[in-house]
Amino acid sequence: MTWVGFALLTWVLLGLELGLRRMLEIGSTGIAPSFVFPLIALVAMAGTPGMVHRAALILGLLMDLLSPVALADGRGEVVVLGPCALGYLVAAHFMLNSRGLIVRRNPLSLGLMAMAGHAIAGILALFFLFIRKWIQGDVAIGAGAQLLAVLGSAVYTGLIAPLQGLVMIPLASTIGLQSLQQRRFARTR
Amino acid sequence: MMKTYSSQSFFSRNAVAIVAGGAALLGLLPAKWLGWLGGVREPVAVLVAPVSGPLQSLSGWLRPAEPTHAEAQELRQLREQRDTFERLYLQSLEDIRKLETMSADMARFRQANPGVRVDPLVRSVIADGGDLSSGIVKVRAGTSDGVTTGTVATVRGEHLVGRVVTVNGKTCMVQPITTKSAGALGVVVLVTMPGQPTRGLLGALKPVGDGTLAGDVKYELDPTTMAPVTPRVGDNVRLRDDESWPSAAQNLLVGTVESIAPSPSDPNRQRIVVKPRIARLDRVGEVMLLVTAEPGSVPGGGSGGTP
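Residues numbered from 1 in each chain as written. Chains lettered and ligands numbered in written order. Predicted model: local features only at pLDDT ≥ 70, side-chain atom pairs only at ≥ 80, totals over all residues.

S.K.: For this particular structure, what's the right way to read the overall build of chain A?
M.R.: Secondary structure assignment for chain A yields six helices and two strands. When the helices and strands of chain A are listed from N to C terminus, the series reads α-α-α-β-β-α-α-α. Expressed as a percentage of the 189 residues in chain A, the buried residues total 45%. Long-range pairs, those at least 24 residues apart, make up 72% of the contacts in chain A with a sequence separation of at least 6. (Helix = DSSP H or I, 4+ residues; strand = E, 2+ residues; numbered from the N terminus. Buried ≥ 20, exposed ≤ 12 C-beta atoms within 10 Å, placed from the backbone. Contact = placed C-beta atoms within 7 Å.)

S.K.: Just checking my understanding: could you explain the overall build of chain B for this structure?
M.R.: Counting its regular elements, chain B contains four helices and 12 strands. Among the 307 residues that make up chain B, the fraction classed as buried is 28%. Pairs at least 24 apart in sequence give 61% of the contacts found in chain B among residues at least 6 apart.

S.K.: Looking at this structure, how should I read the nonpolar core?
M.R.: Generally speaking, a soluble globular protein has its nonpolar side chains buried in company with each other. Counting 61 residues, the largest nonpolar core has Ile40 and Ala41 of chain A as the members making the most contacts within it. Secondary structure elements with two or more residues in this core: helix H1 (3–24), helix H2 (37–46), helix H3 (49–66), helix H4 (83–98), helix H5 (107–136) and helix H6 (143–171) of chain A together with helix H2 (15–27) of chain B. Among the elements that line this core, the one with the most residues is H3 of chain A, at 10 residues. Counting residues in each nonpolar core, the second largest holds 47 residues, with Ala182, Leu201, Ala204 and Met288 of chain B among its members. (Core = buried A, V, L, I, M, F, W, Y, C linked by C-beta atoms within 7 Å.)

S.K.: Before we go on, may I ask you to explain the interface of chain A and chain B in this structure?
M.R.: Opposite the 33 residues of chain A that make contact, chain B presents 27 residues. Listing elements by their share of the side of chain A that touches chain B, those giving two or more residues are H1, H3, H4 and H5 of chain A. If one sorts the elements of the side of chain A that touches chain B by residue count, H1 of chain A sits on top with 10 residues. The residue inventory of the side of chain A that touches chain B, partitioned by class, reads 23 nonpolar, six polar and four charged. (Nonpolar A, V, L, I, M, F, W, Y, C, P; charged D, E, K, R; others polar.)

S.K.: Would you mind going over H3 of chain A with me for this structure?
M.R.: Taking 1.5 Å as the rise per residue, H3 of chain A with 18 residues should run 26 Å; its terminal C-alpha atoms sit 26 Å apart, in good agreement. Of all 18 residues making up H3 of chain A, 14 are buried, and the element is well covered by its neighbours. (Expected span 1.5 Å × (residues − 1).)

S.K.: Please explain the environment of Leu112 of chain A as it appears in this structure.
M.R.: You can see Leu112 of chain A is positioned in helix H5. Leaving out residues up to four positions away in the same chain, Leu112 of chain A has contacts with Ile102 and Gly158 of chain A.

S.K.: Honestly, the confidence of the model for chain A in this entry has me stumped. Any pointers?
M.R.: Here chain A averages 85 in pLDDT, and 91% of its residues register 70 or above. Within chain A, the lowest mean pLDDT, 82, falls on strand S2 (residues 77–78) of chain A, and the highest, 92, falls on H4 of chain A. (pLDDT = per-residue confidence, 0-100.)

S.K.: Can you walk me through the packing of H2 of chain A against H3 of chain A in this structure?
M.R.: Two measures define how a pair of helices packs: the angle their axes make with one another and the distance between the axes. Residue and element names in this part refer to chain A. Running from N to C, H2 and H3 point in directions that differ by 170°, and their axes come no closer than 9 Å. Relative to H3, H2 is oriented roughly antiparallel. In this structure, H2 contributes Leu39, Ile40, Val43 and Ala44 to the contact, and H3 contributes Met51, Val52, Ala55, Ala56 and Leu59. Grouping the amino acids of the contact of H2 with H3 by side-chain chemistry returns nine nonpolar, no polar and no charged. (Axes fitted to C-alpha atoms, helices over the stretch in contact; angles between N-to-C directions. Parallel < 35°, antiparallel > 145°, perpendicular 65-115°, else oblique.)

S.K.: When you look at the pairing of strand S6 (residues 185–191) of chain B in this model, what are you seeing that I'm missing?
M.R.: Regular strands place side chains that alternate from one sheet face to the opposite one. All names here are of chain B. Of all the seven residues making up S6, six are buried; the element is thus mostly covered by neighbouring parts of the structure. Two strands pair when backbone bridges link them, and S6 and strand S7 (residues 199–207) are joined in this way by seven bridges, in the antiparallel orientation. Bridge pairing in S7 places Leu190 opposite Gly200. Bridge count between S6 and strand S9 (residues 236–239): four bridges; the pairing is antiparallel. The partner of Val189 across the bridge, within S9, is Val237. (Pairing = 2+ DSSP bridges.)

S.K.: Looking at this model, I keep getting lost on the environment of Gln146 of chain A. Mind explaining?
M.R.: All names here are of chain A. As for its placement among the helices and strands, Gln146 is situated in helix H6. Judged by the 17 C-beta atoms lying within 10 Å of it, Gln146 falls in the partly exposed class. Not counting residues up to four positions away in its chain, the partners in contact with Gln146 are Leu126 and Ile141.

S.K.: Just checking my understanding: could you explain unusual backbone geometry for this structure?
M.R.: Trans is the common state for peptide bonds, and a negative phi is the common state for residues other than glycine. All names here are of chain B. The phi dihedral of Arg156 falls on the positive side, at around 60°, and the residue is not glycine. For Arg156, the position within the fold is in the loop between strand S3 (152–155) and strand S4 (159–167). The class of Arg156 is partly exposed, set by 18 C-beta atoms lying within 10 Å. For Asn251, which is not glycine, the phi dihedral falls at a positive 70°. Residue placement: Asn251 occurs in the loop between S9 and strand S10 (253–262). Asn251 gets classed as partly exposed once you count the C-beta atoms within 10 Å, which come to 15.

S.K.: Which parts of the structure should I look at to understand the environment of Ala114 of chain A?
M.R.: Residues and elements named next belong to chain A. Position of Ala114 among the secondary structure elements: in helix H5. In sequence terms Ala114 and Ala161 are 47 residues apart; their C-alpha atoms lie 6.8 Å from each other. Setting aside residues up to four positions removed in sequence, Ala114 forms contacts with Phe37, Pro38, Ala41, Thr157, Gly158 and Ala161.

S.K.: So what exactly am I meant to see when it comes to the pairing of strand S5 (residues 172–176) of chain B here?
M.R.: All names here are of chain B. Along S5, four of the five residues are buried, which leaves the element largely enclosed by surrounding structure. Where strand S2 (residues 137–139) meets S5, three bridges bridge the pair, whose relative direction is antiparallel. Pairing of Val137 across the sheet is with Val174, part of S5. Hairpin connection of S4 to S5: four residues between the antiparallel strands.

In structure tokens form, the structure reads like this:
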């Protein structure tokens, strides 16, 4: 994978994630699609294990930096590294192990992988924050509503991802994901 | 030479795990130790801003921020409270204005009638000529307020409305001077001529039934010119009837001369039609009752003064 192409795609998708979140959010529920996670799913479907883990970690750390967590009692917010980084890493590993079960060049497969992976990542991130709340007691985390938001966002991501896939799968070669490209004379793996 | 697995350092082999573990440890530190991450976040946010900024603006335009349910409810309650207080404030302003007007009217009446012992009483009209076919006006004032039969009703202590014909504990009935059954009343027409002092022509008016009063005025000659003093349209007409009306009512404004014509009964006299300044005396919203200190009730509908 070419990291320059990956960086460019990451830049665009992070901008979409931050810029369109408010418009696409369902009411005030916090349920909104992720534009970054389908990129992880795409890399997981086509990249090598090392590539997938590094991409997931980088994207997870960036999302942690850009998504500060609210502190309890309205004291502001704090950047917490770890929830998305670990969540994306575990989800990427899950997708890596599951990619043999799906048709990789199909945008619907991308949607399915993104939905499942995003749910896993979201639950893990929430779990991490609960651990932090148990240790430090400073973050404003509520169990029910946020779990619903996480799962709802995963479904929403799964619905948006196929549309993203229609654009990203043809662009896979720009970031060096050759295995998603149709080979005329080679056997498909 | 390509690096073999064994030649790779421990850190390069386990970079991902090390970084992830480090991030997890950082994520469990107290918030006060993580402030520096805000400084790391800023450059990343700036890098992404060229894409996210315009999209955020577009989002804000397409979907303006909506208040949460709790905020919307609180906002609604605040708006209702604001509307209530606005109404109370405007009502209070109106009450103050009415009280100031009432106070000014009373002061003006006392000043204009220094020898008259009356207590001006401003009260609202409960039922007017539109509700009562006889043209009688019902006022929220009764014997408990000192009102008696014959008490004079005015508008602001200046314009004569009529007098009380019946009264009970809380209310009284006022008969306007323009009702057919009100009877005649003696008046003085204040004739104003340029360069000359105002002359008063005595007369007697009777209600016509259309809101005006008509009657003949006395024939007088100007002592300097020996010409007849004739009223003019617009001249004020005031009450001058000591026999039928109490002293508090004397010189109250009855109306203005609307038309003049030779009297059919006496060609030497002028017949005038007087129209009250208030278009419908039976439709006033409130009246000032001149409650006298001593019982000064005069039989209603008494004959007016003769010219």
